[in-house]
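A structural walkthrough
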Amino acid sequence: MSSDFDINWVAGDPGQMQVQLAAGSLDVGVFGAIGLATLARKGSEITLFGPALNNHGRIIVKADSPFRKPADLVGKKIATQPKTTETYQQARLALSLIGIDIERDFEVFFGPPTANLALFDRGDVDAVIVVEPTATRAVGSGARELARIGDIWRDGSGSSAAPFLVGLAANKTWLTANRSIASSVSRLFAAANGALQDNPKLFVEHAGEMGLRPKEATAIGLLPVRLADVYPTEWDQSVWSAIDKQIEVAVKLGLLDAVPNRPLYDGLALGKA
């Protein structure tokens, strides 16, 4: 799918991107529901307007470890991403649904995925909560996937919807002034995600661009099976209801003070804006 506008990609970590978006130095970024709800409660007008990624957090343990379920890790050392990331916040939310408080029940080490994996490989932690494709890299090297955060969320919340992680986001002022461009960006992302779903072999073809080396053949071969459902194509009521559900549960569990006084999303389905 081609576009009638230019995209200038700005590299950076999620926290940096969110600061830039909030400051207005970026037009479009990505945000998750929990982090955005916190900002919305403080007056931010950043609004979700399209699909980006489903939750792809995985709990990884050694192949020969005795752990079989998340509860087995209580009291153990866990590495995960920083507290400000949506990956961490959603892991905390999902695990809370099955009676696990990350901060109370684990000895937690915070850091970026590659650093966490290094701790795990050295045996300094018992498990790691890590995102793709780093999780597949670990599995390809002989580690075992204990659980998926998205599955824990589905089971604990009773929701059948895809486990939303982040969506395209922009300040409401920019979104209103550039509605046509925003809609085109949203449809472009949906089309790209759809191409990955329709032809998962694209993950193998572009494994190098995802950071995997040719010698990691086992991990590369696993990518089509493990990553296709990470990339959503829908932006409609089913997604918005999933976002609302996350906020509802987060408030109920005390992870958010209250529901924001405005919707976090634009409410305009793809092709309707």
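Presented here is a report on the structure given in the accompanying data block. Everything numeric in this text was worked out from a predicted model, so none of it was measured. (Residues numbered from 1 in each chain as written. Predicted model: local features only at pLDDT ≥ 70, side-chain atom pairs only at ≥ 80, totals over all residues. Heavy atoms only, no water.)

So, the packing of aromatic side chains
Evaluation of the coordinates by the stated rule reveals 4 aromatic pairs. Pairing Tyr-88 with Phe-110 gives two aromatic rings, centres 5.4 Å apart and planes at 80°, and the pair type is edge-to-face. Taken together, the positions of Tyr-88 in helix α3 (residues 86-96) and Phe-110 in strand β5 (residues 107-110) put the pair 22 residues apart, joining distant regions of the chain. Given the relative accessible area of 38%, Phe-110 is considered partly exposed. Measuring from ring centre to ring centre gives 6.2 Å for Trp-235 and Trp-240, while their planes differ by 80°; the resulting arrangement is edge-to-face. An identical accessibility class is assigned to Trp-235 and Trp-240; each is buried. Within the aromatic cluster, the residues linked to one another by ring pairs are Trp-235, Trp-240 and Tyr-265. Between the NZ or CZ atom of Lys-62 and the centre of the ring of Phe-120, over which it lies, the distance is 4.5 Å. (Phe/Tyr/Trp six-rings, centres within 6.5 Å; stacked < 30°, edge-to-face > 60°. Helix = DSSP H or I, 4+ residues; strand = E, 2+ residues; numbered from the N terminus. Buried < 20%, exposed > 50% of the residue type's maximum accessible area, 1.4 Å probe, protein only. Lys NZ or Arg CZ within 6 Å of the ring centre and 35° of its normal.)

Details of helix α2 (residues 33-40)
In terms of burial, α2 is a largely internal element, 6 of the 8 residues being buried. Buried residues along α2 sit against β1 (29-31), β2 (46-54), α3, β8 (164-171) and α12 (237-252). (Contact = heavy atoms within 4.5 Å.)

Focus: empty space enclosed by the protein
Picture a little ball the size of a water molecule; that probe, rolled over the atoms, points out where space is still empty. As enumerated under the stated definition, the model contains 2 cavities of 30 Å³ or more in all. Here the largest cavity is characterised by a volume of approximately 60 Å³. Asn-55, Gln-90, Leu-93, Ala-94, Ile-149, Trp-153, Pro-163 and Gln-246 are the residues that line the largest cavity. Sorting the residues of the lining of the largest cavity by element identifies α3 and α7 (149-157) as the ones contributing at least two each. Top contributing element to the lining of the largest cavity by residue count: α3, with 3 residues. Looking at the lining of the largest cavity residue by residue, the class counts come to 5 nonpolar, 3 polar and no charged. (1 Å grid on protein atoms, 1.4 Å probe; cavity = no way out; pocket = protein on both sides within 12 Å on 5 of 7 lines; lining within 4 Å. Points joined across faces, edges and corners; volume = space filled by probe spheres on them. Nonpolar A, V, L, I, M, F, W, Y, C, P; charged D, E, K, R; others polar.)

Let's talk about the sheet that holds β8
The sheet built from 3 strands is open, its strands ordered β1-β8-β2 with antiparallel pairing. Strands at the two margins of the open sheet, each flanked by one partner only, are β1 and β2. On average, each strand axis in the sheet is tilted by 40° relative to the strand beside it, whichever way the strands run. Pairing of β1 with β8, which is carried by 3 bridges, proceeds in the antiparallel orientation. In the sheet register, Gly-29 faces β8, and the bridge partner there is Ala-169. Helix-sheet contacts for helix α1 (residues 14-23) involve β1, β2 and β8, and the interaxial angle to β1 is about 110°. (Pairing = 2+ DSSP bridges. Axes fitted to C-alpha atoms, helices over the stretch in contact; angles between N-to-C directions.)

Digging into the side chain of Ser-65
Within the secondary structure, Ser-65 is located in the loop between β3 (58-61) and β4 (77-80). A distance of 3.0 Å separates a polar atom in the side chain of Ser-65 from a polar atom in the side chain of Arg-144. (Polar contact = N/O pair within 3.5 Å; in protein donor to acceptor, adjacent residues only side chain to side chain.)

Quick look at the pairing of β4
Inspection of the sheet shows β4 paired to β5 by 4 bridges, in the parallel sense. Each residue of the ladder has a partner; that of Thr-80, found in β5, is Phe-110. Bridge count for β4 against strand β6 (residues 127-130) is 2 bridges, and the pairing is parallel. Counted as the bridge partner of Ala-79 is Val-128 from β6.

Some points on the pattern of salt bridges
This model, assessed by the stated rule, comprises 13 salt bridges. Close ionic contact of Arg-154 with Asp-151 constitutes a salt bridge, the shortest N to O distance being 3.5 Å. Taken together, the residues span about one helical turn, with Arg-154 and Asp-151 both in helix α7 at a distance of 3 residues. Take Arg-154: its relative accessible area is 28%, and that puts it in the partly exposed class. Of the charged contacts in the structure, one is a salt bridge between Asp-266 and Arg-179, with a shortest N-O distance of 3.1 Å. Separated by 87 residues along the polypeptide, Asp-266 in the segment after α12 and Arg-179 in helix α9 (residues 179-198) bring together distant segments of the chain. Residues participating in the shared-partner salt-bridge network are Arg-58, Glu-132, Glu-145, Arg-148 and Arg-226. (Salt bridge = Lys/Arg side-chain N within 4 Å of Asp/Glu carboxyl O.)

Some remarks on the sheet that holds β6
With respect to topology, 5 strands assemble into an open sheet ordered β5-β4-β6-β3-β7, the strand pairing being mixed. In this open sheet, the two strands that pair with only one neighbour each are β5 and β7 (144-148). Neighbour-to-neighbour, the strand axes of the sheet open up by a mean angle of 25°, direction not taken into account. Judged from the 4 bridges that link them, β3 and β7 form a sheet pairing that is antiparallel. Within β7, the position partnered with Val-61 by the bridge is Arg-144.

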